[in-house]
Amino acid sequence: MQHYCSADFPAPRRTANWNGIYADRFAHVTFVPQREDFHAELRMSSLGSLGMADISTSCTDIERTTTHIGLSKSRLFSFLLLIRGAATFSHYGHEERLRAGDFTLCDNAAPHRIHFEADSRLMLLRASPAALKNHLPCPEQLCGLKLPANEGLTPTVSAMAQNIWQQLERGLDESYHERIAGHLLDMVSTAYSIGLGHRMTNSSVVGMRKARARQYIEGRLQDPDLSSATIAEGLRISPRYLRMLFAEDQENVSAYILRRRLEECASQISGEGWRHLTITEIAFKWGFNSSAYFARAFRQRYGMTATEYRRMKASTH
């Protein structure tokens, strides 16, 4: 069992040092504290081919960008179980509010962000695509979606994962690790099938292509030239087929891009960690090339100007 704590670093360099040790030992991400009294802990272990980790943190944002992804050596999927606190998870074009007991699935090959609203604790179950394929053939279809705490087998799986973690802390006999990991993945995948089976397409090929289209867009939201034509060209599919992939969600590609850019802008406009940036700087950072167009689109979606939104969010911190 490996254990790292931000309290081991001096206050002036705590966040930077924590980001460094976290990237070196666990994953390339950036912690952006939303309060001055930042603290975090990471415990990690393995259960056969399954990785397990326990993360505690104060109110903060954790971001994984295309730059971070480029530094990673392997692709992993992680089931995230929020044990304590509240969070908002943004991934694969979805934005979900998480409460204690909720699961979500994360692909480290796609950008994502999790905003912890208060002191929180998160458990991760990490598996390679090869280890997961016999349990969830197309996990991309489920990335970024919430499996609610009270849905089907979710409470049972949550209790099972936490109990196994406690056994690992005490020193679980390694000869049982692989067998237990297989049972745990079976239970998690069954819970997902019961709770979110309606979100899986009948064709794993279509589901995979749709997920790749979302992943492609998410990695290029900051490109002002992103369009249906460039996406289709990049994915080597026809524009018509791209439109078909998005048709069942009743949101065309342009609307999807606009919504996601506005959501990213809103997140940074309201975050304490980005107070040093002006609203215009944030808008242009996320692919808008007209401040007037951004202002109209933001007001239409959120019912107020970006300045009013920032002021409102600041008053609630």
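As the structure is a prediction and not an experimental result, all values here were calculated from the model.

A. Molecular detail of the overall build of the protein chain. A tally of regular secondary structure across the protein chain gives twelve helices and twelve strands. Against the 2.2 N^0.38 benchmark of 20 Å for 317 residues, the protein chain shows a C-alpha radius of gyration of 20 Å, consistent with a compact globule. In terms of overall dimensions, the protein chain has C-alpha extents of about 60 × 50 × 35 Å along its principal axes. For the protein chain, long-range pairs separated by at least 24 residues make up 71% of all intrachain contacts whose partners lie at least 6 apart in sequence. Taken as a whole, the protein chain presents about 15,100 Å² of accessible surface, with 49% of it coming from carbon and sulfur.

B. Spotlight on helix α9 (residues 253-270). The terminal C-alpha atoms of α9 lie 26 Å apart, and with 18 residues this matches the ideal 26 Å at 1.5 Å per residue to within 8%. The element α9 is largely enclosed, with a buried count of 15 among its 18 residues. For α9, the N-terminal cap is N252; the gap from its side-chain oxygen to the backbone nitrogen of S254 is 3.2 Å.

C. Structural detail: unusual backbone geometry. Positive phi, normally seen in glycine, also occurs at Y92, with a value near 55°. Tracing the chain through its elements places Y92 in the loop between β7 (86-91) and β8 (94-99). Overall, the relative accessible area of 1% leaves Y92 in the buried class. For R236, which is not glycine, the phi torsion reads 60° and is therefore positive. Relative to the assigned elements, R236 resides in the loop between α7 (228-235) and α8 (239-247). Judged by its relative accessible area of 81%, R236 falls in the exposed class.

D. Fine view of the sheet that holds strand β10 (residues 112-116). Taken in spatial order, the five strands make up an open sheet running β2-β5-β10-β7-β8, and their pairing is antiparallel. Only two strands of the sheet have a single partner each, and these edge strands are β2 (30-33) and β8. Strand after strand, the sheet turns through a mean of 15° between neighbouring axes, direction not considered. In this structure, strand β5 (residues 60-64) lies alongside β10, joined through five bridges in antiparallel fashion. In the sheet register, T60 faces β10, and the bridge partner there is F116.

E. Just the pairing of β10, in detail. Along β10, four of the five residues are buried, which leaves the element largely enclosed by surrounding structure. Note: β7 against β10, five bridges, orientation antiparallel. When the bridges of β10 are listed, H91 appears paired with H112.

F. Main features of the state of the cysteines. Inspection of the entire model under this criterion finds zero disulfides. For the unlinked cysteine C5, the closest cysteine sulfur is that of C59, found at 18 Å. Judged by relative accessible area, C5 falls into the buried class, the value being 17%. A residue is classified by how much of its surface remains accessible, and C59, at 9% relative accessible area, is buried.

G. Broad picture of the pattern of salt bridges. Inspection of the entire model under this criterion finds 17 salt bridges. Here R75 ties to D107 by a salt bridge, and the two come within 2.7 Å at their closest N and O atoms. You can see R75 sitting in the loop between α2 (66-71) and β6 (77-84) and its partner D107 sitting in strand β9 (residues 103-107), a full 32 residues away along the chain. What makes D107 buried here is its relative accessible area of 0%.

H. Layout of the nonpolar core. Ranked by internal contacts, the top residues of the largest apolar core, which has 33 residues, are L50, M52, F79 and Y192. Elements represented by at least two residues in this core include exactly β4 (50-57), β6, β9, β11 (120-127), α4 (154-170) and α5 (177-196). Top element by residues in this core is α5. It accounts for seven residues. With residues near it in sequence (within four places) discarded, F79 still touches F103, T104, L105, M123, L124, L125, L132, L136, L185, V188 and Y192. Counting residues in hydrophobic clusters, the runner-up holds 31 residues, among them A232, I269, F288 and F294.

Reading guide: rules and limits
Residues numbered from 1 in each chain as written. Predicted model: local features only at pLDDT ≥ 70, side-chain atom pairs only at ≥ 80, totals over all residues. Heavy atoms only, no water. Helix = DSSP H or I, 4+ residues; strand = E, 2+ residues; numbered from the N terminus. Rg over C-alpha atoms; globule rule 2.2 N^0.38 Å. Contact = heavy atoms within 4.5 Å. Areas by Shrake-Rupley, 256 points an atom, 1.4 Å probe, with all protein chains shown as cover. Expected span 1.5 Å × (residues − 1). Buried < 20%, exposed > 50% of the residue type's maximum accessible area, 1.4 Å probe, protein only. Polar contact = N/O pair within 3.5 Å; in protein donor to acceptor, adjacent residues only side chain to side chain. Pairing = 2+ DSSP bridges. Axes fitted to C-alpha atoms, helices over the stretch in contact; angles between N-to-C directions. Disulfide = S-S within 2.5 Å. Salt bridge = Lys/Arg side-chain N within 4 Å of Asp/Glu carboxyl O. Core = buried A, V, L, I, M, F, W, Y, C linked by side-chain atoms within 4.5 Å.

Function cannot be inferred from these measures alone, as they are strictly geometric.
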